[in-house]
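Each chain, letter by letter, is given below.
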Amino acid sequence: STGYELSLTFNSNKDYSTTSVPFTIYNCTSSQDCNSCVQNSGYCGWCVSSGECTDTCTGAFISDLACPSVTRVVPDYANFNSSQSLQIVGINLDPGSTTKRQSGGFLCQFGSYGTTSAQIINSTTMQCPSPIVSTITQSTTINMQVTYQGKTFTDLIPFDILVCRSSQCSSACFSIDSRCGWCLADQVCGTNCNPSVLNQFTDTCPTLENIFPASGYSDSGPIYVSLSSNTYFIPSTEYECQFGDQLSRATFLNSSFLSCDPPDSNVTSQDSNDTSVVFTVYLAGVPYAANSLTYTYLVASNRGKDNTSTILIIVLVIIGVAIIIGTIIAIFYVRRRKMKRYELELSKILENLNLKEPNWSIYAFGHNDRLAYEVDKDKKRRLELLEEFLLDPNNKIVDCLVSESRAGDTELLAKSLVYFYYSKGRAIDLILRYICKEVDNSTEEANLFRSDSVAVKMFSVYSRIVGLPYLWRTFAVSINLLHELGKKNKKNDIDIDNSGDLERNPVIWIDPLEVDPERLANEIDESKMRIHQLSLLLIAQKVFKAIQESVYHFPKEFRVIAKCVKEKVGKTYTAPKTDYKGIGAFIFLRFICPAIMTPQVYGLLPEEPNEESQRSFVLLSKSLQNLANFTLPSVKEGYMEKMNEFMINNEARFIKFYDKLVNISGEIEDTSRRCEYCDRDIPYDEKYCLSCGEKVRNSLRIHILNAVTRPCTQFTFLVYSHSYHTTHY
């Protein structure tokens, strides 16, 4: 645009008026894309039908809205030989009317590999099928975009076309790309299966485990075949069993077993010796499993010779199985009885101490008067749009928030993000991502997880959401008895006659725990100090025993995090026990020890502890933290020398406790996928951060107060507000 002064003249050289006014001439055609067009002036706009910047348009006209933009394609890949439905998610994807939608004209263009028809679902979603590309020979990444009547409608976005090709289920299918898998019913390698209840998509080939009997005569009864525990048969009538070069009919029994008809009797009629052949299972003419077994034909003349030994083996197997099952039932019964007895004893102790389990949501989320349905509809709609940005699978906008937030905002940001991702069931993934980023960015093991990083702050918030019931179960009695000791400071002042059997969680003592001579001001002699030291040692040992015995009550979420931390730190640092110290930095330094040091904050104590009780909590917390760090207490504080033996005597037990904590195979599913977040390297994208604030602001139409250079950080409180309502109610 160009500015001029407009005035009136007479006979081309004489002024007709004494004043002039500003006048601007706009050149709309100078803008070649929608974004530069709508920012050019208040007079130009983007004409969707003609694909140009103009001041007149007969169709959809964009002048004051955000330009159509694609943020992601779900999924962002497709196999070359099959078409699948794609969801295109973006901003202002429906700037026109219903008539324009019905008239068509929208296409998804996949580079030079063709186009497919696109359909508008709503203002943020379009749908189109992926193309079938028969000429491609290897996986490639292309740029796709949406066009309207041959004109550009959205910007380019990367899209992967994969070549998932394998004639049977094998490593050849999965090694092409992690997104390739095997369709069990179709018996093809691809990225998705035709819609069917039975057409399961798997990244693990079925594996034949046993054939029973493994040998037999040509006229024997049915032969049964089973799969390994992590694979399965799908219901079908097209199974066949192959014995050498002979095929026989197979019957689906359940997901673990097939029944095969015995092979033709003519197979061994002319053979005088037992013969072993390869056994394979087929589905629709394609090998169903990745392996084969061996089956042995027995000669009829040898029938009866081995019946006695076979029967004996069967009997022994049945007896062995019965013994194993009986042992498992007995162990389960004993453990259950012990647990019920412990629960009963714990409830009696809590009752005698007049302790009542608090409302954990208050300690986890705080007080809130406002219910979710009271949030006005307009704000709720805008916050739902904000969710789409935050749920980006690559966490790009979260990286922007974390990288660009001010130091004083980090704690609120961590709380906001944890609340939001917890409400979506993805809090562990978020925390693991930033734990692993901190490990990758660390320069030395000694400083790992020691600062108040965003990963540490996120874990601290999350620990209160999922860990408070565990703290109550494990430490409530110990903390409250220790508090009573601090208040009364006498053995007989504490009524323990009716406290029940405290053998599993006993913390009963006689003397105070103070072991610092300077704090005691030489009020006690050496023998009395020795008693104080032994009292602290005894209590620390009993509390540690309670922690050891609680390993299977630990929140499963913590066990997943501990396992992933151990793997990541162990790969990064080779110094002895570094991986265990990494676990301790979270489980003890950020969870157990703070709860013991400030129990009133974690709901373990109904009131503020007095000075003596607080000092006892501090000493106990120090002892456990030194054990978790594998550090002798006396290194920093000489008066803690007696607690060196606590560290030395329990080091092996502590490592065993950690090993049990992270040994969760078979107990908790999906752990390996969680830990994969540590192997994802997604670099920080500064260019994206510079523009994300503008994109979010345009889509939400939110006025940002005190806008900064990178305005992503201004949305922190909105995240907190919405995630709180979503999570807490």
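Residue numbers here run from 1 along each chain, matching the order of that chain's written sequence. Only residues with pLDDT of at least 70 are given local features in this predicted model, and only at 80 or more are side-chain atom pairs given and counted; all residues enter the totals for whole chains, interfaces and linings. The side-chain quantities take in all heavy atoms of the structure and omit both hydrogens and water.

Colleague: For this particular structure, what's the right way to read the nonpolar core?
Modeller: A general trend in soluble globular proteins is that nonpolar side chains are found buried together. The nonpolar core is taken to be a set of buried Ala, Val, Leu, Ile, Met, Phe, Trp, Tyr and Cys residues, with the residues joined through side-chain atoms within 4.5 Å. Think of it in three bands: with a 1.4 Å probe and only protein chains considered, a residue is buried below 20% of the maximum accessible area for its type, exposed above 50%, and partly exposed in between. Counting residues in hydrophobic clusters, the biggest one holds 100 residues, and the most contacted among them are Phe475 and Phe588. For this core, the element with the most residues is helix α15 (residues 578-597), which contributes 11 residues. In this structure, Phe588 is in contact with Ile547, Ile583, Cys593, Pro594, Leu624, Gln625, Ala628, Phe654, Phe657 and Tyr658, ignoring residues within four places of it in sequence. Listed in part, the 36 residues of the second largest apolar core include Leu93, Cys108, Ile142 and Phe153. A helix here means a DSSP run of H or I that spans at least four residues, while a strand means a run of E at least two residues long, and both kinds are numbered starting from the N terminus. Working rule for contacts: check all heavy atoms of both residues, and any pair within 4.5 Å makes them a contact.

Colleague: How should the confidence of the model for the chain be read in this particular structure?
Modeller: Reading predicted coordinates in detail is not appropriate for stretches of low pLDDT. Summary statistics for the chain give a mean pLDDT of 76 and a share of 72% for residues scoring 70 or more. The predictor reports its confidence for every residue as pLDDT, a score running from 0 up to 100. This model gives residues 490-510 a pLDDT under 50, and the stretch forms 37 contacts once residues within four places in sequence are excluded. Contacts for the low-pLDDT stretch residues 720-729, under 50 throughout, to residues beyond four places or in other chains number 33 contacts.

Colleague: Could you clarify how one ought to interpret the side chain of Thr125 in this entry?
Modeller: Mapped onto the fold, Thr125 is located in strand β14 (residues 125-129). When its relative accessible area of 14% is taken as the criterion, Thr125 is described as buried. Not counting the four nearest positions on each side in its chain, Thr125 is found in contact with Gln87, Ile88, Leu93 and Ile120.

Colleague: Can you walk me through the sheet that holds strand β7 (residues 61-62) in this structure?
Modeller: Two modes of strand pairing occur in sheets, parallel and antiparallel, and in both the strands are linked by backbone hydrogen bonds. With antiparallel pairing, 3 strands are arranged side by side in an open sheet as β6-β5-β7. Because the sheet does not close on itself, it has two edges, and the strands there are β6 (52-54) and β7. We treat two strands as partners when DSSP finds at least two bridges between them. Here strand β5 (residues 45-47) runs beside β6; their pairing, made up of 3 bridges, is antiparallel. Considered in β6, the bridge of Trp46 is made with Cys53.

Colleague: Is there a simple way to think about the state of the cysteines in this case?
Modeller: Linking two cysteines covalently through their sulfur atoms gives a disulfide. Note on disulfides: each one is a pair of cysteine sulfur atoms within 2.5 Å. Overall, the coordinates contain 7 disulfides when judged by the stated rule. Disulfide pairing is shown between Cys28 and Cys44; the S-S distance is 2.0 Å. Its S-S torsion of about -80° marks the bond between Cys28 and Cys44 as left-handed, since a negative value means left-handed. Residue Cys28 is found in the loop between β4 (21-25) and α1 (34-40), and its partner Cys44 is found in the loop between α1 and β5; the two are separated by 16 residues along the sequence. Just as Cys28 is buried, Cys44 falls in that class too. What pairs with Cys241 in a disulfide is Cys260, and their sulfur atoms sit 1.9 Å apart. Between Cys241 and Cys260 the disulfide shows an S-S torsion of about -50°. By sign, it is left-handed. You can see Cys241 sitting in strand β24 (residues 239-243) and its partner Cys260 sitting in strand β26 (residues 257-260), a full 19 residues away along the chain.

Colleague: Got a minute to help me understand the sheet that holds β14 in this structure?
Modeller: Across the sheet, 4 strands lie side by side as β8-β10-β14-β13; this open sheet has antiparallel pairing. Strand pairing shows two members of the sheet lacking a second neighbour, β8 (69-74) and β13 (119-122), which therefore form its edges. Each strand of the sheet is rotated relative to its neighbour by a mean of 30°, with strand direction disregarded. In this structure, strand β10 (residues 85-91) lies alongside β14, joined through 5 bridges in antiparallel fashion. Only the contacting stretch of a helix is used when fitting its axis, a line to C-alpha atoms as for every element, and angles between N-to-C directions run 0 to 180 degrees.

Colleague: Which parts of the structure should I look at to understand unusual backbone geometry?
Modeller: In this structure, the amide linkage connecting Val74 to the following residue, Pro75, adopts the cis form with an omega of -10°. Residue Phe212 is joined to Pro213 through a cis peptide bond whose omega torsion reads -5°. On the secondary structure map, Pro213 appears in the loop between β21 (208-212) and β22 (215-216). Despite not being glycine, Lys577 shows a phi value in the positive range, around 70°.

Colleague: Is there a simple way to think about the packing of helix α14 (residues 556-572) against helix α17 (residues 644-662) in this case?
Modeller: Helix packing for two helices is described by the angle between their axes and how far apart those axes are. Contact pair α14 / α17: the axes reach a minimum separation of 8 Å and the direction vectors enclose 110°. Between α14 and α17, the interaxial angle falls into the category roughly perpendicular. Counting all contacts with α14, which are made through Arg559, Ala562, Lys563 and Lys566, the residues of α17 involved are Asp659, Lys660, Leu661 and Val662. An angle counts as roughly parallel when it lies under 35 degrees, as roughly antiparallel when it exceeds 145, as roughly perpendicular when it falls between 65 and 115, and as oblique in every other case.

Colleague: Mind showing me how you'd approach α17 here?
Modeller: Since there are 3.6 residues in each turn of an α-helix, residues three or four apart along the chain are aligned in direction. In this analysis, the expected span of each helix is defined as 1.5 Å times one less than the number of residues it contains. In a regular helix each residue adds 1.5 Å, so 19 residues correspond to 27 Å; α17 covers 27 Å between its end C-alpha atoms and thus fits that length. Throughout, bend refers to the angle between the axes fitted to the seven residues that end at a position and the seven residues that start at it. At Asn650, α17 shows its maximal kink, close to 50°. Of the surrounding elements, those touching the buried residues of α17 are α13 (526-549), α14, α15 and α16 (611-629).

Colleague: How should a nonpolar patch on the surface be read in this particular structure?
Modeller: Patch building starts from residues that exceed 30% relative accessible area and form no salt bridge, then joins like charges within 9 Å and nonpolar side chains (Val, Leu, Ile, Met, Phe, Trp, Tyr) within 5 Å. Exposure was quantified through the Shrake-Rupley algorithm and a 1.4 Å probe, taking into account, for residues, occlusion by the shown protein chains and nothing else. Salt bridges are counted wherever a side-chain nitrogen of Lys or Arg sits within 4 Å of a carboxyl oxygen of Asp or Glu. Residues Ile311, Leu312, Val315, Leu316, Ile319 and Ile323 make up a contiguous nonpolar surface patch of about 570 Å² in total accessible area. What makes Leu316 exposed here is its relative accessible area of 53%.

Colleague: Is there a simple way to think about the pattern of salt bridges in this case?
Modeller: Think of it this way: side chains of opposite charge can pair up when their charged atoms draw near. Using the criterion set out here, one finds 8 salt bridges in the structure. A salt bridge links Lys642 to Glu645; its shortest N-O distance comes to 2.5 Å.

Colleague: Whenever I open this one, the pairing of strand β25 (residues 246-252) confuses me. Can you help?
Modeller: Along any regular strand the residues' side chains alternate between the sheet's two faces. Sheet topology note: the β24/β25 ladder contains 4 bridges and is antiparallel. Within the sheet, the bridge partner assigned to Gln242 lies in β25 and is Leu247. Remark: 2 residues form the turn of the hairpin made by β24 and β25, two consecutive strands paired antiparallel; Gly244 in that turn has positive phi of roughly 65°. Hairpin geometry of β25 and β26 is characterised by an intervening segment of 4 residues between the two adjacent antiparallel strands.

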